[in-house]
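# Residue-level structure breakdown
Read off the chains here:
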Amino acid sequence: MSDAAEFVDATLQREGDPHRAGAEQARLRSELRFYGASVGAVRGTIRDALRRYPGLTHDEITALSSELWAVPVFERRLAAIVLLQSRVRMLQNSDLTRIEGFVRAARLPVLVDLLGDGVVGPLLALLDPPGRTRAQTVLDRWVNDGDEWLRRAALLAREQAGGDRAGSEHAG
């Protein structure tokens, strides 16, 4: 595990509360493990990690997000999303492949929604016209995919990015 991932994981565990962990797991009906850290603690941990490890490159940010996501713990996955949200200006349309994997594995509305309207939507809005066109092609595929979570993320992303083609291809 990278130093940054170790820092995030250790901090989230310290911030955790077993009672909150159990309550959140039951509320979300998830098979993920939970540390019981609050959303504020997750956000603060990512803010602290970015201060502690300044100058992370695009590749380091995306690798760290994957490293956090790889362990099936809710707060780690939430931290991966917060990391991507905080550095969305660094992301590229090619990062949609990684994000697609996150969406397919998320299987929770809260995580899928944050990925769709908190990462993909803002990314679309920031892309130059050629990049946005390529990204829209990816979202066209998502909207027509058999995975309900991928369709949900695509529709939320389009809505967040300004509705481009959002209403033209509703998949059941």
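Figured I'd write up the structure that's included with this text. It should be emphasised that the depicted structure is a prediction, and the values quoted were computed from it without experimental measurement.

So, about the overall build of the chain. Looking only at helices and strands, the chain has nine helices and zero strands in total. Since a compact globule built from 172 residues should have a radius of gyration of about 16 Å, the 16 Å found for the chain is in line with a globular shape. Its C-alpha atoms give the chain principal-axis dimensions of about 45 × 40 × 20 Å. A total of 172 residues make up the chain; the buried ones form 48% of that total. Partitioning the intrachain contacts of the chain with sequence separation of at least 6 by distance along the chain shows that 67% fall at a separation of at least 24. Entry remark: accessible area of the chain is about 8400 Å², with carbon and sulfur atoms responsible for 49%.

Quick look at the packing of aromatic side chains now. Within the structure shown, the criterion is met by three aromatic pairs. Between Phe34 and Phe74, the aromatic rings sit 4.9 Å apart at their centres with planes inclined by 15°, giving stacked as the arrangement. With a gap of 40 residues between them, Phe34 in the loop between helix 2 (18-28) and helix 3 (39-52) and Phe74 in helix 5 (residues 74-86) connect regions that are remote in the sequence. When sorted by exposure, Phe34 lands in the same class as Phe74, which is buried.

Once that is clear, we can look at the packing of helix 3 against helix 5. Running from amino to carboxyl end, helix 3 crosses helix 5 at an angle of 55°, the nearest separation of the two axes being 9 Å. Here helix 5 runs oblique to helix 3, going by the angle between their axes. Our pair here, helix 3 against helix 5, has a crossing hand that is right-handed. Facing Val39, Val42, Arg43, Ile46 and Leu50 of helix 3, the residues of helix 5 in contact are Glu75, Leu78, Ala79, Val82, Leu83, Gln85 and Ser86.

So, on to helix 7 (residues 109-126). Helix length check: helix 7 (18 residues) gives 24 Å between terminal C-alpha atoms against 26 Å at 1.5 Å per residue, within 8%. Helix geometry: helix 7 is bent most strongly at Val120, by close to 30°, with proline Pro122 lying one to four residues after it. Inspection of helix 7 places Leu111, Val112, Leu114, Leu115, Gly116, Gly118, Val119, Val120, Gly121, Leu123 and Leu124 among the buried residues, and these make up the whole buried set. Packed against the buried residues of helix 7 are helix 4 (58-70), helix 5, helix 6 (96-106), helix 8 (129-143) and helix 9 (148-161).

Conventions adopted
- Residues numbered from 1 in each chain as written.
- Predicted model: local features only at pLDDT ≥ 70, side-chain atom pairs only at ≥ 80, totals over all residues.
- Heavy atoms only, no water.
- Helix = DSSP H or I, 4+ residues; strand = E, 2+ residues; numbered from the N terminus.
- Rg over C-alpha atoms; globule rule 2.2 N^0.38 Å.
- Buried < 20%, exposed > 50% of the residue type's maximum accessible area, 1.4 Å probe, protein only.
- Contact = heavy atoms within 4.5 Å.
- Areas by Shrake-Rupley, 256 points an atom, 1.4 Å probe, with all protein chains shown as cover.
- Phe/Tyr/Trp six-rings, centres within 6.5 Å; stacked < 30°, edge-to-face > 60°.
- Axes fitted to C-alpha atoms, helices over the stretch in contact; angles between N-to-C directions.
- Parallel < 35°, antiparallel > 145°, perpendicular 65-115°, else oblique.
- Left-handed = near helix turned anticlockwise from the far one by under 90°.
- Expected span 1.5 Å × (residues − 1).
- Bend = angle between axes of the 7 residues up to and from the residue.

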